[in-house]
Amino acid sequence: MATGTPDGQTVTPDWLTIDVSAIEGVRVKEIRPVATSNGYLTEIFRQEWDLDQLPVAQVFQRTMYPGAMTGWHAHAATLDRLFCCAGSVRISLFDGRKASPSFGTVWHKIVGAMRPAIVTIPPGVWHGVVALGPEPALLLNLVDKAYAYDAPDHWRLPPDTEQIPYRLA
Ligand SMILES: Cc1cn([C@H]2C[C@H](O)[C@@H](COP(=O)(O)OP(=O)(O)O[C@H]3O[C@H](C)C(=O)[C@H](O)[C@H]3O)O2)c(=O)[nH]c1=O
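Rules of the game
Residues numbered from 1 in each chain as written. Predicted model: local features only at pLDDT ≥ 70, side-chain atom pairs only at ≥ 80, totals over all residues. Heavy atoms only, no water. Pairing = 2+ DSSP bridges. Helix = DSSP H or I, 4+ residues; strand = E, 2+ residues; numbered from the N terminus. Axes fitted to C-alpha atoms, helices over the stretch in contact; angles between N-to-C directions. pLDDT = per-residue confidence, 0-100. Salt bridge = Lys/Arg side-chain N within 4 Å of Asp/Glu carboxyl O. Buried < 20%, exposed > 50% of the residue type's maximum accessible area, 1.4 Å probe, protein only. Phe/Tyr/Trp six-rings, centres within 6.5 Å; stacked < 30°, edge-to-face > 60°. Disulfide = S-S within 2.5 Å. Near = heavy atom within 4 Å. Polar contact = N/O pair within 3.5 Å; in protein donor to acceptor, adjacent residues only side chain to side chain. Areas by Shrake-Rupley, 256 points an atom, 1.4 Å probe, with all protein chains shown as cover.

### Notes on the sheet that holds strand E4 (residues 58-64)
Part 1: Spatial ordering of the open sheet is given by E1-E9-E6-E11-E4, a layout of 5 strands whose pairing is antiparallel. Strands with a single pairing partner mark the edges of an open sheet, and in this sheet they are strand E1 (27-30) and E4. Strand-to-strand twist of the sheet, defined as the mean angle between neighbouring strand axes without regard to direction, takes the value 20°.
Part 2: Where strand E6 (residues 80-86) and strand E11 (residues 137-143) come together, 4 bridges link them in antiparallel fashion. Pairing of Phe 83 across the sheet is with Leu 140, part of E11.

### Some details on the confidence of the model for the protein
Part 1: The share of residues in the protein with pLDDT of 70 or more is 98%, and the mean pLDDT across the chain is 94.
Part 2: Among the prediction metrics, the complex's ipTM stands at 0.96, with pTM recorded as 0.94.

### Some remarks on the pattern of salt bridges
Part 1: Scanning the entire structure with this criterion turns up 8 salt bridges.
Part 2: With a closest N to O distance of 3.0 Å, Lys 109 and Glu 30 form a salt bridge. Taken together, the positions of Lys 109 in strand E8 (residues 106-112) and Glu 30 in strand E1 put the pair 79 residues apart, joining distant regions of the chain.
Part 3: Ionic pairing is found between Arg 46 and Glu 43, a salt bridge with its closest N-O pair at 3.3 Å.
Part 4: Judged by its relative accessible area of 34%, Arg 46 falls in the partly exposed class.
Part 5: Here the residues in one salt-bridge network are Glu 30, Lys 109 and Arg 115, joined through shared partners.

### Looking at the packing of aromatic side chains
For any pair of aromatic rings, geometry is given as the distance between the ring centres together with the angle between the planes.
Part 1: All told, the structure shown has 1 aromatic pair when counted by the stated rule.
Part 2: Plain terms: the ring middles of Tyr 147 and Tyr 149 are 5.6 Å apart, the flat faces sit at 80° to each other, and that makes the pair edge-to-face.

### Focus on the pairing of strand E7 (residues 88-95)
Part 1: Counting buried positions over the 8 residues of E7 gives 6, a clear majority of the element.
Part 2: Relative to E8, E7 runs antiparallel, the two sharing 7 bridges. Looking at the pairing, Arg 90 lines up with Ile 110 of E8.
Part 3: Where E7 lies against strand E10 (residues 125-132), 8 bridges are found, and the strand directions are antiparallel. Paired with Arg 90 across the two strands is Val 130, which belongs to E10.

### A look at the state of the cysteines
Part 1: Counting across every chain of the model gives 0 disulfides.
Part 2: No disulfide involves Cys 84; its sulfur sits 6.5 Å from the nearest other cysteine sulfur, which is in Cys 85.

### Some details on the site of the ligand
Part 1: Close to the ligand lie 14 residues, the nearest being Gln 58, Arg 62, His 73, His 154 and Arg 156.
Part 2: The contact in question runs from an oxygen atom of the ligand to an N or O atom on the side chain of His 75, over 3.2 Å.
Part 3: Its free accessible area being 650 Å², the ligand has 70% of it covered by the protein chains.
Part 4: At the level of secondary structure, the elements contributing two or more residues to the shell around the ligand comprise E4 and E11.
Part 5: For the shell around the ligand, the element with the most residues is E4, which contributes 3 residues.

Now the structure itself:
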């Protein structure tokens, strides 16, 4: 056999990814849909899951065409809680908080209708989302502070920025 590199472990025996807490404060809750006689029921968020202690101030839906991408963005004060309810997305994160133990870390999570999960992203963590696969992706965001139309808490970097060691594009 030619020399190669062996795969490392990526999932536990019950198929949970093993790199869940790579970035300080980022939480991932995998959710198992309940099969019913006429479809499925999937919970999205419960306070008692203890992902954070913050309110849900607004819920909005982001529709992404196949292949669409949001550039790198971060919030100074707002916590994002992302849930992909149709299609599939890759959420890429970069910890830009100098005081964080995971400062400088890049981490990715693929979620979607086949693998529901809610991902919480604290302020100061840069994120970019890419819609994967042939279907539009529907992303819900349950934020702790409602969007301010006149002064959005929304900071941006280009997808190929030198400041983050991962190219979204
Ligand atoms: C968040 C929001 C936006 N808008 C308007 C503002 C823009 O004209 C347009 C698109 O919003 P934005 O440029 O913020 O879209 P994205 O850059 O894709 O980012 C949004 O979707 C990704 C996945 C995130 O994680 C962000 O938190 C979220 O803001 O909708 C509103 O009218 N109300 C709102 O609540």
